[in-house]
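Residue-level structural notes
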Amino acid sequence: MRRKLLMFVSACLLLSACQANAQIFHKKKKANKSTSADNTAEPDKLLYNRALDNIKHGRHEVGRLTLQTLINTYPDSEYLAKAKLSIADSFYKEGGTANMTQAIQGYKDFIVFFPFMPEAAYAQHQVAMAHYKQMDKPDRDRTQARAAEDEFQTFLQKYPNNPLAASAEQHLRGIQEVLAEGDFRIAYFYYVKGDRRASAGRLLTVTARYPLYSRSDRALWMLGDIFEKSEQKGMASRYYARIVRDYPLSSLVPDAKSRLTALKAPIPQADPKAVAWMTAEQNAPRPKDSMIKRPLKLFSGGPSGELRAAAQSGPPTMTPEAEAPGIDILSGGPRTGGTPGNSIIGTVTPGSAGATGTAENTGAASDAGATTDPAGAPKEGEATAAAPSATAATDAAAPAATDATSPGTASPATAEGSADPAKTDTQADPTKTDAAQAQDGTQNTDPNANNGTKKESTSKKKKGLRKIVPW
């Protein structure tokens, strides 16, 4: 027993001695901090690297505070521009409506202060992507979609040779698909309802501004049908011919040809470029959602099917919406003393004989949209659908002007619509009513016009004002 005990004790002592020697040989040497890489690095670089590490691991707020410390402490640092860009990136990666707003403002500030740096193109692309990620479905608010379209167009115009240009073009095609789908749904609603004017006004915008829209051929067919039912066969044949020429592989081409034959209009040849483009679109791969993501799309507020149906090739529309053909933008004219037909409303003083300014020339405005070409048909890119309703000008001018009568005769219809045809709202000018004077932009200059007349009542003054200024 003693031998066994001595052997056990000696073995333990030997093992402990070996472990001590191993610890001595493998003991970590102390580093000389005076010669380390971290000690020789600049303090602004240390702050920048530490902030990037925090942002990478999801500590966005800590990273932004560190970057802000760098900006405030070292205003002349070479990492100043990168710090500002990284702050905007942290807001963008964190997500959310408020953070996206901060990110957009940060990117725009970077573009303003550092426009000649290579990262300026990246900042402009990120501004567009921030709006793109907040884009809603076609039947909802389209503010973010329009803002994303403007920002991507700005990027492609300023940086056409940037490596991100191809991605920006595809995103722009998807955005314009969503915008066109929204207008098409509204137009289809009015088309089924039977309101030709409202439907044609939106279909003209779709066909003129979004030629890459996946259902442009359908929009052209609806326009042709609207103008054909409105007995405007020249305009109807134009839109049927565009289906045959610009969308030759569409399923509506045979029906369009039969309509052209019935209208006795020439059938155009298919455009070779259109054939090549539609062939490429049919063979282009489309993104597909997995079985797991499909149920989640029901709870998503952004578009999904429209982005898959968007064109994969072809140049997107680069003109702003205000400059696009087929869209009518109303602009106000001078308030007083303007040229007839330019101002929006006329200035009418209660109790006065007429308007001091010029009122809106509704007849001229209606006729301006129906400009004709040498053949006598309205132009293809007109903003207002003059053809579906032939009485547009007369409907607009009817409540404003009345027939001129002699001083001794009474007007057949008064401005107030009273039962007594011998009475009028005002007897200042026997030949015209106040509404007609405001429509023509003229005043009553006869000094004896108000002699022997009764003062109008307050209710009649208000009614007369409502006829010129409805609101």
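Our subject in this report is the structure included herewith. (Residues numbered from 1 in each chain as written. Predicted model: local features only at pLDDT ≥ 70, side-chain atom pairs only at ≥ 80, totals over all residues. Heavy atoms only, no water.)

1. Some words on the overall build of the protein chain
Note the cut-off: A run of H or I in DSSP becomes a helix once it reaches four residues, and a run of E becomes a strand once it reaches two; helices and strands are each numbered from the N terminus. It only takes one pair of heavy atoms within 4.5 Å for two residues to be counted as in contact. All accessibility values rest on the Shrake-Rupley procedure with a 1.4 Å probe; residue burial counts only the protein chains present in the view.
Helices and strands together make up the secondary structure of the protein chain, namely 20 helices and zero strands. Long-range contacts, defined here as pairs at least 24 residues apart, represent 59% of the contacts in the protein chain between residues at least 6 apart. As displayed, the protein chain offers around 28,100 Å² of accessible surface, 56% of which is attributable to carbon and sulfur atoms.

2. Here's the deal with the packing of helix α3 (residues 43-56) against helix α5 (residues 80-94)
The angle between the axes and the distance between the axes are what describe a pair of packed helices. Which entries qualify depends on this criterion: Angles shown run from 0 to 180 degrees and are taken between the N-to-C directions of axes, each axis being a line fitted to C-alpha atoms and, for helices, limited to the stretch in contact. The scheme is simple: roughly parallel for angles under 35 degrees, roughly antiparallel for over 145, roughly perpendicular for 65 to 115, oblique for anything else. Residue classes follow a fixed rule: Ala, Val, Leu, Ile, Met, Phe, Trp, Tyr, Cys and Pro count as nonpolar, while Asp, Glu, Lys and Arg count as charged, and any other residue, Gly among them, counts as polar.
Where α3 contacts α5, the axes come no closer than 11 Å and their chain directions differ by 10°. Looking at the two axes, α3 sits roughly parallel to α5. Residues Tyr-48, Leu-52 and Ile-55 of α3 lie in contact with α5, whose contacting residues are Lys-82, Ala-83, Ser-86 and Ser-90. Along the lines of polarity and charge, the residues of the contact of α3 with α5 split into four nonpolar, two polar and one charged.

3. A closer look at the side chain of Gln-176
Filter applied, for reference: Remark: exposure states derive from per-residue accessible area (1.4 Å probe, protein chains only) relative to the maximum for the residue type, with buried under 20%, exposed over 50%, and partly exposed in between. Counting of polar contacts relies on pairs of N or O atoms within 3.5 Å, with two restrictions inside protein: one atom must be capable of donating a hydrogen and the other of accepting it, and residues adjacent in sequence are counted only when both atoms are side-chain atoms.
On the secondary structure map, Gln-176 appears in helix α9 (residues 165-193). Its relative accessible area of 5% is what places Gln-176 among the buried residues. One polar contact links the side chain of Gln-176 to the main-chain carbonyl oxygen of Thr-317, over a distance of 2.8 Å. The residues touching Gln-176, leaving out its near neighbours within four places in the chain, are Glu-149, Gln-153, Tyr-210, Pro-316 and Thr-317.

4. Focus: the packing of aromatic side chains
Aromatic ring pairs are reported here in terms of the distance separating the ring centres and the angle at which the planes meet. What counts here: Put simply, two rings from Phe, Tyr or Trp (the six-membered ring, in Trp's case) pair if the centres are within 6.5 Å, and we call them stacked under 30 degrees between planes, edge-to-face over 60, tilted for the rest. For a Lys NZ or an Arg CZ to count as sitting over a ring, it must be within 6 Å of the ring centre and within 35 degrees of the ring normal.
Applying the stated criterion across every chain yields a total of ten aromatic pairs. A centroid spacing of 5.2 Å and a plane angle of 40° characterise the contact between Phe-110 and Phe-114, whose relative ring orientation is tilted. Judged by relative accessible area, which is 2%, Phe-110 ranks as buried. Between Phe-184 and Tyr-188 the ring centres are 6.4 Å apart and the planes differ by 20°, which places this aromatic pair in the stacked class. With Phe-184 and Tyr-188 both in helix α9 and four residues apart, this pair spans about one turn of that helix. The class for Tyr-188 is partly exposed, based on a relative accessible area of 40%. One aromatic cluster in this structure is built from Phe-184, Tyr-188 and Tyr-213. Note that Arg-64 overlies the ring of Phe-91, its terminal NZ or CZ placed 4.1 Å from the centroid.

5. Focus: helix α10 (residues 196-209)
Note the cut-off: The length a helix should cover is 1.5 Å for every residue beyond the first.
Relative to the 20 Å expected for 14 residues at 1.5 Å per residue, α10 spans 20 Å between its end C-alpha atoms, a close match to the ideal helical length. Three or more residues of α10 are buried, namely Ala-198, Ser-199, Ala-200, Leu-203, Leu-204, Thr-205, Val-206, Thr-207 and Arg-209. Residues of α10 that are buried sit in contact with α8 (143-158), α9, α11 (216-229) and α12 (233-246).

6. Describing α3
Because each turn of an α-helix spans 3.6 residues, side chains separated by three or four positions end up pointing in the same direction. Counted only if it meets this: Note that the arc is computed from the directions linking the helix axis to the C-beta atoms.
For α3, which comprises 14 residues, the first-to-last C-alpha distance of 20 Å matches the rise-based estimate of 20 Å (1.5 Å per residue) to within 8%. Turning to α3, its buried residues number three or more, namely Asp-44, Leu-47, Tyr-48, Ala-51, Asn-54 and Ile-55. Along α3, the residues classed as buried sweep out an arc of 125° about the axis, all on the same side. Of the surrounding elements, those touching the buried residues of α3 are α4 (60-73) and α5. Just downstream of α3, Gly-58 is the residue with a positive phi angle, here 90°.

7. Here's the deal with the pattern of salt bridges
In plain terms, the rule: Whenever Lys or Arg places a side-chain nitrogen within 4 Å of a carboxyl oxygen from Asp or Glu, that contact is recorded as a salt bridge.
Overall, the coordinates contain 15 salt bridges when judged by the stated rule. When the shortest N-O distance is used, the salt bridge between Arg-173 and Glu-169 registers 3.5 Å. Of this pair, Arg-173 and Glu-169 both sit in helix α9, separated by four residues, roughly a single helical turn. Relative accessible area serves as the criterion here: at 31%, Glu-169 is assigned to the partly exposed category. Measuring nitrogen to oxygen at the nearest pair gives 3.1 Å for the salt bridge that ties Glu-306 to Arg-185. Here Arg-185 lies in helix α9 and Glu-306 lies in helix α16 (residues 305-309), a separation of 121 residues in the sequence. Overall, Glu-306 belongs to the buried group, its relative accessible area being 14%. For Arg-185, a relative accessible area of 34% gives the class partly exposed. Within this structure, Asp-139, Glu-181, Arg-185, Arg-215 and Glu-306 form a network of salt bridges that share partners.

8. Focus: the environment of Phe-152
With respect to the secondary-structure elements, Phe-152 resides in helix α8. You can call Phe-152 buried: its relative accessible area is 0%. Separated by 28 residues in sequence, Phe-152 and Gln-124 have C-alpha atoms that sit 8.1 Å apart. Apart from the residues lying within four places of it in its own chain, the contact partners of Phe-152 are His-125, Ala-128, Met-129, Tyr-132, Ala-168, His-171, Leu-172 and Ile-175.

9. Re the packing of α9 against α10
Selection criterion: Throughout, a crossing is termed right-handed when the near helix is turned clockwise from the far one, and left-handed when it is turned anticlockwise from it by less than a right angle.
At a minimum axis separation of 8 Å, α9 and α10 run at an interaxial angle of 155°. For the element pair α9 / α10, the angle class is roughly antiparallel. Crossing hand, α9 versus α10: left-handed. Residue-level inspection shows Ala-180, Asp-183, Phe-184, Ile-186, Ala-187, Tyr-190 and Tyr-191 of α9 in contact with α10, the latter providing Ala-198, Ser-199, Arg-202, Leu-203, Thr-205 and Val-206. Split by residue class, the contact of α9 with α10 holds nine nonpolar, two polar and two charged.

Any functional reading would require information beyond the geometric quantities listed.
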